[in-house]
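Listed below are the residues making up each chain.
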Amino acid sequence: MNQTLDKFKEHLKKMRQYEQAVCLLNWDLQTMAPKKGVESKLEALGFFSTESFKLSTSEEYGDMLQELSCPELFAQLDEGMQLTVKRSLRDYQRFQRVPQEFYTDYVTTSARSEKMWEEAKRAGDFSLFSPWLDKMISMTRQYVGYMEPEKDVYEVLLDMYEEGMDSATIDRIFDEMKEGLLPLLSKIAAAGRPDLSALESHYDIDAQKKVQNMLLSYIGFDFDGGAVAESEHPFTMGICHGDIRTTNHYLEDAPLSAIFSAIHEGGHAIFEQNIDPVFVNTAAEQVNLMGLHESQSRFFENILGRNPNFWKPVYGQLGELLPQFQTVPFDVFCRAINDVRPSFIRTEADEVTYCLHIILRYEVEKAIFRDHAATDTLPELWNDKMEELLGIRPANDAEGILQDMHWSDGSFGYFPSYLLGSIYGGMFLNQIEKELGSLDPILAEGRVKEITAWLNEKIHRYGSLYNSRQAVQRVCGCEISAAPLLSYFNKKYGEIYGF
């Protein structure tokens with residue numbers, strides 16, 4: 001037992017080293033790699049990904065997993081290692097069915113597709129990306145078909161990003177959200193728009209970066225255990241324990257975009273920075289439960305960051321770093337960060353209409369994988385869905401189907417986790433207020449890190465030890481429901497818009 005376990009841990013450690021190299025290459029490709037160096041890095045990415053894949057499908061690895069999964073040996077493992085053996089055996093059996101040559105091609109094609117998406121987005125031209133998206137859809141079908149030949153492709157994709165979740169559950173919860181959101185949006189639209197012209201100005205990007213760092217520190221991001229860079233699309237990446245990185249994208253005429261991206265990505269990073277070290281080099285350290293992950297980023301961004309009380313202790317600092325805000329009255333700023341109106345870009349949407357952005361993407365993904373919608377018809381389908389749900393129609397592909405990076409790298413099935421995360425966040429809000437009292441005085445007194453500490457203790461430290469359903473049950477004592485989030489929306493925006 002001890003000898004096998006020691007060998008298994010050494011094997012895992014070696015796999016993690018290759019995975020760390022893959023992460024660093026991906027980070028470099030998405031942040032600062034010069035154009036002339038991309039092809040060389042793609043080759044290196046293919047090499048390290050293949051070496052990691054070999055380790056994860058070797059006979060020796062499979063033999064160790066089989067031995068450690070025997071009931072009498074499995075019972076002797078700690079909970080982190082039990083999870084590791086269980087998930088690793090599942091993944092081993094899946095990957096064993098994937099030809100190595102296909103896997104290498106899939107990884108490198110994904111990286112090339114992502115670079116072409118960037119070019120297409122900048123040009124606002126879907127035709128540049130369409131062949132690559134078609135290839136990623138086809139290869140994703142093939143990839144899942146190798147791994148789980150007897151299962152529905154989209155069900156497998158959903159489960160890969162949110163273990164234990166299925167489309168029947170998502171359909172039910174998302175239908176509940178639509179039924180609650182559309183009447184709410186009608187009431188908000190009837191109440192009229194606030195005058196936000198006071199925010200119109202040019203905002204220095206270097207100053208915006210300083211605001212980002214101030215906010216990250218304020219909510220509990222550890223700069224000794226993380227780093228920040230710039231990318232086309234904000235994201236967070238865990239390189240290894242003690243190195244959790246985030247990125248942001250800055251707009252000179254729209255500082256709120258980077259401000260709330262900073263808080264959002266900070267929520268992701270704080271989650272990973274606070275996983276209990278006892279889970280290092282176990283499956284629990286890798287939080288692939290994206291709904292749970294998004295619950296943290298969207299909780300920080302929206303439930304905390306869009307609460308006016310969050311800003312009372314730091315609004316003066318915001319004005320010092322971005323002087324334009326010195327002339328923006330606090331109440332105007334608060335209306336701006338809670339301005340609900342249909343808009344084209346998901347990452348800049350308010351917290352209410354954002355939910356419909358995710359439902360749109362979920363319905364398009366079902367059309368791709370269930371209805372076999374042709375790739376060249378997807379921009380029109382996207383625009384029709386946006387008009388149906390939000391009442392607006394994109395003028396070009398950049399503000400429509402090209403705005404997100406996810407499909408370029410094959411991350412189909414990821415989008416539903418964003419709305420699931422918001423739903424979980426509404427449930428966590430209820431529980432926090434039961435245990436700590438109203439958030440308003442805590443935020444107004446600058447004690448936001450007390451809320452961060454609660455999240456660290458109740459959620460973050462466990463990593464992915466429990467799937468999202470289990471985590472919600474453990475923290476809130478009930479099953480997943482959209483009701484708390486809808487209640488939060490109706491109460492908050494009823495007060496703001498006076499209905």
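Before any of the text, the structure's been laid out above.
Residues numbered from 1 in each chain as written. Predicted model: local features only at pLDDT ≥ 70, side-chain atom pairs only at ≥ 80, totals over all residues. Heavy atoms only, no water.

Chemist: Could you give me a rundown of the overall build of the chain, with the residues and numbers involved?
Modeler: Helix and strand counts for the chain come out as 22 helices and three strands. For 499 residues, the compact-globule estimate of 2.2 N^0.38 gives 23 Å, and the chain sits close to it at 23 Å. Taking the principal axes of the C-alpha coordinates as reference, the chain spans close to 65 × 50 × 45 Å. Evaluated residue by residue, the chain yields a buried proportion of 57% over its 499 residues. Within the chain, contacts between residues separated by at least 24 positions form 75% of all contacts whose residues are at least 6 apart in sequence. Accessible surface, the chain as shown: approximately 20,300 Å² in total, 49% of it carbon and sulfur. Across the chain, the mean location of the 48 positive side-chain charges is 1 Å away from that of the 77 negative side-chain charges. (Helix = DSSP H or I, 4+ residues; strand = E, 2+ residues; numbered from the N terminus. Rg over C-alpha atoms; globule rule 2.2 N^0.38 Å. Buried < 20%, exposed > 50% of the residue type's maximum accessible area, 1.4 Å probe, protein only. Contact = heavy atoms within 4.5 Å. Areas by Shrake-Rupley, 256 points an atom, 1.4 Å probe, with all protein chains shown as cover. Lys, Arg positive; Asp, Glu negative; His and termini not counted. Charge placed at Lys NZ, Arg CZ, Asp CG, Glu CD.)

Chemist: Explain the side chain of E265 residue by residue, including any values.
Modeler: Examined against the element boundaries, E265 turns out to sit in helix α11 (residues 255-273). At 7.8 Å, R346 is the nearest oppositely charged side chain to E265, a buried residue that forms no salt bridge. Sequence-distant contacts of E265, defined by excluding residues within four places in its chain, comprise P234, F235, T236, T246 and T247. (Salt bridge = Lys/Arg side-chain N within 4 Å of Asp/Glu carboxyl O.)

Chemist: Hey, could you go over unusual backbone geometry for me, with residue numbers and the actual values?
Modeler: Positioned with a positive phi, N281 is a non-glycine residue whose angle comes to about 65°. The topology assignment puts N281 in the loop between α11 and α12 (290-304). According to the relative accessible area criterion, N281 is partly exposed, its value standing at 30%. The residue H372 is not glycine, and still its phi comes out positive at about 55°. One can find H372 in the loop between α16 (353-369) and α17 (378-390).

Chemist: Quick one: what's the story with the packing of helix α10 (residues 205-219) against α11, residue by residue and with numbers?
Modeler: Axis separation between α10 and α11 bottoms out at 9 Å; the angle between their running directions is 35°. Here the hand of the crossing between α10 and α11 comes out right-handed. Along its contact with α10, which presents Q208, V211, Q212, L215, L216 and I219, the element α11 presents P255, A258, I259, A262, I263, G266, G267 and I270. (Axes fitted to C-alpha atoms, helices over the stretch in contact; angles between N-to-C directions. Left-handed = near helix turned anticlockwise from the far one by under 90°.)

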